[in-house]
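Read off the chains here:
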Amino acid sequence: MALRVENVARRFGETTVFEAVSVTIERGEILALIGPSGAGKSTLLRTLGLFERPEAGTVRVDQTDIWAATERERLTKRRSVGMVFQEPNLFGTTVRRNVEYGLRVRRSWRTRFRDLVPVIGNRTPPQPVVDALSLVGMEDAIETPVESLSGGEAQRVAFARAMAYDPTYLLFDEPTSDLDPRNTAVIEDAVITATRGEIGAVVATHDMHQAQRIADRVALLLDGEVVEIGPTEQLFSSPQDPRTQKFIDGELVY
Amino acid sequence: MITALLSDGYIWSIIRVSLYVSLTAIALSAVLSLPIALIVGVTEFRGKRLLNAVITTGMGFPSVVVGLLVLFAVSNQGPLGPLNLVFTPEAMILSQIVLAAPVITGISLSAIDSVDGGIRDAAYAMGGTRLDVAVVTIKEAKYGIATGILAGFGRAISEVGSVLIVGGNIVSDGSSYTRTLTTAIQLEARQGQFETALVLGAVLLVLVLSVNAIVIRLGSGGGRSR
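The residue count restarts for each chain, going from 1 along the sequence in the order it is written. Written order decides the labels, with chains lettered from A and ligands numbered from 1. Where totals are concerned, whole chains, interfaces and linings use all residues; where local detail is concerned, this predicted model gives features only for residues with pLDDT of at least 70, and gives and counts side-chain atom pairs only at 80 or more.

Side note on the domain arrangement of chain A
Interfaces are often sized by the amount of accessible area the parts lose when they come together. Residues and elements named next belong to chain A. Residue ranges assigned to the domains are those given by an automatic or database domain assignment. Per the domain assignment, the segments of chain A are domain 1 (1-80 + 170-254) and domain 2 (91-166). Just the C-alpha atoms count here: the centres of domain 1 and domain 2 sit 27 Å apart. The contact rule is simple: place each C-beta atom from the backbone, and if two of them lie within 7 Å, those residues are in contact. In this complex, domain 1 contributes twelve residues to the contact, which on the side of domain 2 involves eleven residues. Top contributing element to the side of domain 1 that touches domain 2 by residue count: helix α7 (residues 181-196), with six residues. Charged residues are taken to be Asp, Glu, Lys and Arg, nonpolar residues to be Ala, Val, Leu, Ile, Met, Phe, Trp, Tyr, Cys and Pro, and polar residues to be all remaining types, Gly included. Across the side of domain 1 that touches domain 2, the residue classes break down as seven nonpolar, two polar and three charged. For helices the rule is a DSSP run of H or I covering at least 4 residues; for strands it is a run of E covering at least 2, with both sets numbered from the N terminus onward.

Next comes the structure, spelled out in C-alpha cells:
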C-alpha cells in the first residue's frame, strides 16, 4: 500500500518542470522533499495530490492507476490523500465549519441540507473534528471565526482540517515556512503523531533541519530531477551523489 | 393629499407592477448570470479579457437601445413573435433581464475572480468535487455577488427607456398593466400631475435608497469576509 508516481512528466506550455520523476511513499513514513525554490517541489506535490494530470507517467494510490481509473474510483482514491499548504487557505467562516468540511463533502447532499436546518440537523461537533483540533491544541477555538486567529493558529487549524477526514496520505507544501518556532514545533509534532498511525506523509521543505528532525527518508529534488533519495541519516551523513553534498554544504553554511 | 393618493388603488397597482417586473427580472438574471460569472471567473481561456470587456460594456448599455432591440425581438416578425409579448409585463421583464444581467455578471465575476485560488485548492484537497469547489467559491464571494444582484435591481427598477418602449405604459380600468414607477412619473409630470409624480418619485427613491443602503452595508461586511 503506497502512494507512488512513476516516470511522471509535468510541462506548462514551453516549460518542462520535470521529465521523468518516480517517488514512492509508504504508509507510516515521513518523506521530506528538499530542494531549492523552483526545483519542482510544489508541482510534484500537486501531482501526488492528484490536482492535475501529468503529461506522462502514472500516479498510483494503493495500486490504482488514478488517471486510468473511472471518475468515481478516482474520487474515492483522491479522498484518501490530503494536503496542507503554505498558506492556511481557511474558508471565511468558523474553525468548526472549516474542520468539518472534509466530512461534509463525503456526506450525501440530503444529509448536508438537513444539517443546515437547526432543528433537525446534527449540531454537536463530530468526534473526528474535536480529535483533529486536539492534535494541534485548538479544541477550545472550535466556534471561533477564522478571521480572529493568528497566523500560527490558522495554520494549526489548516492541519486539523486535513486530519479530520482520516486521510491515508498527507502532503505538506512548506507548512511551517511562515511560522514562529513554537507553532512550527506544534505542527512538526502533529505530523509525527499522525504518521505513527497509518498515514504516509510527504513534507516539502527548504529547511534541512526540519527534514532531519521529522523525516524517515529524504528526497533531494534539483532542477526537476530526484538526485538522491534515502534514509535521512544516510543522506545527510554520507550522500552518494556529489550534488547532494554540495547542496547540503551550501545550505548548512547558509 | 398624500394619504388620498396612497389610498388610491392606482398608485399601489403601479408599485405592484414595478416590483413584479423588476424582482422577476432580477431573479432570472441571477440564475442566468451566476453560472457564467463562476465559469468565467475560475477558468483561464483565450479571449477571457475580450469577454470581460463585453460584459463591462453591457453594464453601461443604453436602456432605450435595449428596449428597441427587445421590441424587435418580440414583435410579430421577430424571433419571439409567436409568444405575443408586445406591450406586456413579460416583455418588460425580458428587457430588464438584458439590462441587469451584465451588471450582475460583471460585479459577481470580479468578486469570484478575487477569491484566492488557494481556497479552491483547499476545498479540492479535502475531497471536494467540482460542484463542492464551486459552492465554496460562491460562498467566499457572497458579499460581492449580493452587491451585484442589488446593483442589478437598482438598475432595473429605475430605468425608464426600455420599459416604455416594450411595455407601452398601459393602464386599464384605473389600474396599471404595464405602467411602472418610472414611466408613471414621466407621464404624470408631463400632464402636470405633480403631486402624483412626487409621491411616485418618493416611493421609487425610498426603494432605491434602501437597496443602496443594503449594498453599502454588505460592502463594509465584505471587508471582513476572509
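Considering the interface of chain A and chain B
In this assembly, 19 residues from chain A lie in contact with 17 residues from chain B. Where the side of chain A that touches chain B is concerned, the elements lending two or more residues are α2 (71-78), β6 (81-84) and α3 (95-105) of chain A. Sorting elements by how many residues they give to the side of chain A that touches chain B places α3 of chain A first, with three residues. Of the residues contributing to the side of chain A that touches chain B, the split by class is eight nonpolar, five polar and six charged.

So, the nonpolar core
Joined through C-beta atoms within 7 Å, a set of buried Ala, Val, Leu, Ile, Met, Phe, Trp, Tyr and Cys residues constitutes a nonpolar core. The burial label depends on the number of other C-beta atoms within 10 Å of a residue's C-beta. Counts of 20 or more mean buried, 12 or fewer mean exposed, and intermediate counts mean partly exposed, with C-beta atoms placed from the backbone. Ranked by size, the top nonpolar core spans 126 residues in total, and within it L33, A160, V202 and V203 of chain A carry the most contacts. Ranked by residue count, the leading element in this core is helix α5 (residues 89-113) of chain B, at 15 residues. When residues of this core are sorted by domain, at least three fall in each of domain 1 (1-80 + 170-254) and domain 2 (91-166) of chain A. When sequence neighbours within four positions are dropped, the list of residues in contact with L33 of chain A reads K41, L44, V202, V203, A204, A219 and L221 of chain A.

Examining the environment of E188 of chain A
Residue and element names in this part refer to chain A. Mapped onto the elements, E188 comes out in helix α7. Since 18 C-beta atoms lie within 10 Å of it, E188 is described here as partly exposed. Sequence separation of E188 and I214 is 26 residues, and the distance between their C-alpha atoms is 6.9 Å. Those residues in contact with E188, other than ones at most four positions away along the chain, are Q210, R213 and I214.

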